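In case you want the letters, here they are:
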Amino acid sequence: MQPRQAPPSDHGDDRPGAARSAPRADPSVDDGVDPDLLGYLFDDSPPAPPAPQPARRRVGTALVESRLAGMGDAGVRAHLARKLCRLLPDLPPDRQDKATATALRTLERLARDHAAHVRTALAGALKDVACAPPAVARTLARDVERSVAEPILHCCATLTDEDLLEIIAAHPAGWALSAIARRQAVSAPLSCAIVDTGDAEATGVLLDNDGAVIPEDRLEDLVERSAGHPDWQAKLASRPALSQRLALRLAESVDDSVADLLRRRTDLDAATAAEVAAVTRRRVAWVEGRDPAESPGRRAVRLHRQGALDETALGDALSWEETDFVRAALALRAAVHPGIVDDILRSGDPRAVTALVWRAGYSMRCAMRVQIRAAGIPPRAVLNARQGTDYPLPAADMTRHLALYGVRS
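In the annotation of an unreviewed UniProt entry, the entry for the protein reads DUF2336 domain-containing protein, and the organism field reads Azospirillum aestuarii.

See below:
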């Protein structure tokens, strides 16, 4: 009986060479790729691939390589990538046979394909495959094309924390960091690495992710920095792991809508909930205590004489966006002409604004809020605190910045 011939296909000139008569293959030896598998990969509309038949003749792996090399049409290669990904769950788990080795080599070549949409097709098909080959996943995750790397970084379970930490350490684009921050589960080391990059958008994405484990020290840092990133504040107020201490600290520096989120939390103990409520009441009392006949400037002068023009009063005014009061308070506390205060706040210079708040004797946390609320500086341009609370500039530098506006020490 003649050996069974490989089925004909539209790619016919290669097949006959693989189907010439030869001794029947030893069932214990796997020396090639099953012909039906070759048909599945390279035919246009194949049925589902059958289980490999060890006793049948195999097609040499070199033929598969030559078929792939001859595919000039990127669309065909993209189609092949998707087929291979569908095949992966059916390949032997030990991945020792020739068919598996050929499939993996083919995937590795496709992951480096010069056509971006071939790599995109491969990434889209591979992102949800639990047994995605690690080498292929790592190659795609480092791709410069967003359409290729993003789905792998976001979804592929094959990538380890070590893989992802290496990618973060290589300073990728912001979208890559955000994709990692959106993963279903983000470990504490990954969260710390993302926060430490300083990327505000990726950090916001991380705060939105309930599956991200963010250690207490990083949450504390983010609470301190949230004065310069108002979009983080509601996210922080909604974090399930926010401690009582951080909830209270956050309440002191956010507007009433975020304070209301904190007040509605059910996991705060009675004392913390009472303190958050007290902050809210104080804010309401600030507004209700205004005398319509008293201008913001006169109110600032009165509080200054009473020794009550402190950071709490300035914070309440910032929460209600009472810019005129803030300007007057800064002028009084810094002993600077109101016109110079106006010039500095209108300058958009975060260093000059920070120096003015420093001269007024307020904290760096307050300076960050003044930059955003009173000076209108975009969050990305805000001068942030050093180590969460400290002024980032030496006193000599701040004095020099103020001197540019005519402020003498």
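(A) A look at the pattern of salt bridges. Applying the stated criterion across every chain yields a total of 23 salt bridges. Between Arg182 and Glu150 there is a salt bridge whose closest N-O contact spans 3.5 Å. On the criterion of sequence distance, the pair formed by Arg182 in the loop between α10 (174-181) and α11 (188-196) and Glu150 in helix α8 (residues 146-155) is long-range, its members being 32 residues apart. What makes Arg182 partly exposed here is its relative accessible area of 34%. Residue classification places Glu150 among the buried residues on the basis of a relative accessible area of 19%. With a shortest N-O distance of 2.9 Å, Arg400 and Asp397 are connected by a salt bridge.

(B) Molecular detail of the side chain of Arg225. Positionally, Arg225 belongs in helix α13 (residues 216-225). Relative accessible area serves as the criterion here: at 11%, Arg225 is assigned to the buried category. Once residues lying within four places of it in the same chain are set aside, the contact partners of Arg225 are Val195, Gly198, Trp232 and Met368.

(C) A look at empty space enclosed by the protein. Overall, the coordinates contain two cavities of 30 Å³ or more when judged by the stated rule. As a volume, the second largest cavity reaches approximately 40 Å³. Taken together, Ala227, Pro230, Gln233, Ser253, Arg369 and Arg373 make up the full set of residues lining the second largest cavity. For the lining of the second largest cavity, the secondary structure elements donating two or more residues are α14 (230-238) and α23 (364-373). Along the lines of polarity and charge, the residues of the lining of the second largest cavity split into two nonpolar, two polar and two charged.

(D) Structural detail: helix α17 (residues 270-288). In this model, α17 (19 residues) spans 26 Å end to end at C-alpha, consistent with the 27 Å of a helix rising 1.5 Å per residue. For α17, every residue scored as buried is listed here: Thr272, Val276, Ala277, Val279, Thr280, Arg283 and Trp286.

(E) Molecular detail of the environment of Gly361. Looking at the element boundaries, Gly361 is found in the loop between α22 (350-359) and α23. Overall, the relative accessible area of 51% leaves Gly361 in the exposed class. Distance in space between the C-alpha atoms of Gly361 and Glu311 is 9.0 Å, their sequence separation being 50 residues.

(F) The side chain of Thr354, seen in detail. Within the fold, Thr354 resides in helix α22. Looking at Thr354, its side chain comes within polar contact range of the main-chain oxygen of Pro350, at 2.7 Å. Excluding anything up to four places from it in sequence, Thr354 contacts Met364, Ala367, Gln371, Leu383, Tyr391 and Met398.

(G) Seen up close, the confidence of the model for the protein. The pLDDT averaged across the protein works out to 81; a share of 79% of its residues lies at or above 70. Note that pLDDT drops below 50 for residues 1-35; the model gives that stretch 64 contacts with residues more than four away or on any other chain. Note on residues 53-64: pLDDT is under 50 here. Beyond four places in sequence and across chains, it has 42 contacts.

(H) View of the environment of Asp221. Within the secondary structure layout, Asp221 lies in helix α13. In this structure Asp221 touches Val195 and Gly388, once residues within four positions along its chain are discounted.

Rules behind the numbers
- Residues numbered from 1 in each chain as written.
- Predicted model: local features only at pLDDT ≥ 70, side-chain atom pairs only at ≥ 80, totals over all residues.
- Heavy atoms only, no water.
- Salt bridge = Lys/Arg side-chain N within 4 Å of Asp/Glu carboxyl O.
- Helix = DSSP H or I, 4+ residues; strand = E, 2+ residues; numbered from the N terminus.
- Buried < 20%, exposed > 50% of the residue type's maximum accessible area, 1.4 Å probe, protein only.
- Contact = heavy atoms within 4.5 Å.
- 1 Å grid on protein atoms, 1.4 Å probe; cavity = no way out; pocket = protein on both sides within 12 Å on 5 of 7 lines; lining within 4 Å.
- Points joined across faces, edges and corners; volume = space filled by probe spheres on them.
- Nonpolar A, V, L, I, M, F, W, Y, C, P; charged D, E, K, R; others polar.
- Expected span 1.5 Å × (residues − 1).
- Polar contact = N/O pair within 3.5 Å; in protein donor to acceptor, adjacent residues only side chain to side chain.
- pLDDT = per-residue confidence, 0-100.

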